[in-house]
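Residues per chain, in single letters:
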Amino acid sequence: MADIDLLLARAKEFHGDVCPGIVLGTRMTMIGMRELRMDPMVRNRDLIVYVEIDRCITDAVQAITGCSLGRRTLKYRPYGKFAATFINLATGDAVRVSAREKERTEKPGSEAATALLDAPEEDLFRVQRVRVAIPEGDLPGFPKNRTRCSRCGETILDDKEIVAEETILCGNCARGSYYTEID
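Small disclaimer: the values here were computed from a predicted structure and weren't measured. (Residues numbered from 1 in each chain as written. Predicted model: local features only at pLDDT ≥ 70, side-chain atom pairs only at ≥ 80, totals over all residues. Heavy atoms only, no water.)

Engineer: Before we move on, can you summarise helix 2 (residues 20-35) with the specific residues and values?
Structural biologist: Its 16 residues place the ends of helix 2 23 Å apart at the C-alpha level, agreeing with the 22 Å of an ideal helix rising 1.5 Å per residue. The buried fraction of helix 2 is high, at 13 of 16 residues. In the segment just after helix 2, R37 is the residue with positive phi, at about 60 degrees. (Helix = DSSP H or I, 4+ residues; strand = E, 2+ residues; numbered from the N terminus. Expected span 1.5 Å × (residues − 1). Buried < 20%, exposed > 50% of the residue type's maximum accessible area, 1.4 Å probe, protein only.)

Structure representation (C-alpha cells):
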C-alpha cells in the first residue's frame, strides 16, 4: 500500500497546505481505495467517488485519486458531511467512509493535523459497504443524451433536464438560478 507521506504531499501540492481536512481526506481516500483493493499510487480508470462536502477533504480525494468533475469520475452531493463513497465500476463494489464527529479536535491547524495523523483509524472513521446505483447520465464518457430547454433554449446534457407539465426545462428555469442576468 502507498505511503501516507507521499499521498499527503500530493494532496498538499494540490490544496496548498496540510490542514486537518487534508489529513482526513487523505486517510479517508486510503481507506476507500484499500477496501476496493485499488492502489492510490496508480490511476484507476474504474473508480468513481461521490463526495458529500465541498471542503478540504474533497481536494485530498481529487489529488490522490485523480477523479475530477471534468472526467465525470468525481461526483458532488451537497450534504455537508465529511464523507466519501468510493465505487469500483468494474466490480460494482462500493464503500462509504465517513469521519466520526466525536473525534474531531479543537486544536489549531498543524497540531490538529498531527493529532489526526496519529489517531487510530477506527477512532476517526466509519466504514460501510454500500450499494450505489449510478444513473447512466452520470457515467464517464460522451454524453448519452442531449436536449434543449424550452424556456431559455440552452442545451442540457446527460439526463439533467426537468420535465414539468410535459415541458422540458433546465435546472435554472425549473428551480431558479444561482445568478441574475444583468444587461
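Engineer: Before we move on, could you go through the sheet that holds strand 3 (residues 83-88) and cite the residues and values that matter?
Structural biologist: Paired through their backbone hydrogen bonds, the strands of a sheet run either parallel or antiparallel. With mixed pairing, five strands are arranged side by side in an open sheet as 2-1-3-4-5. Looking at the sheet topology across the chains shown, the edges are occupied by strand 2 (74-76) and strand 5 (125-130). If you compare each strand with its neighbour and ignore which way they point, the axes differ by 20 degrees on average. Pairing of strand 1 (residues 47-51) with strand 2, which is carried by three bridges, proceeds in the parallel orientation. Paired with Y50 across the strands is K75, a residue of strand 2. (Pairing = 2+ DSSP bridges. Axes fitted to C-alpha atoms, helices over the stretch in contact; angles between N-to-C directions.)

Just distances and angles here, no functional claims.
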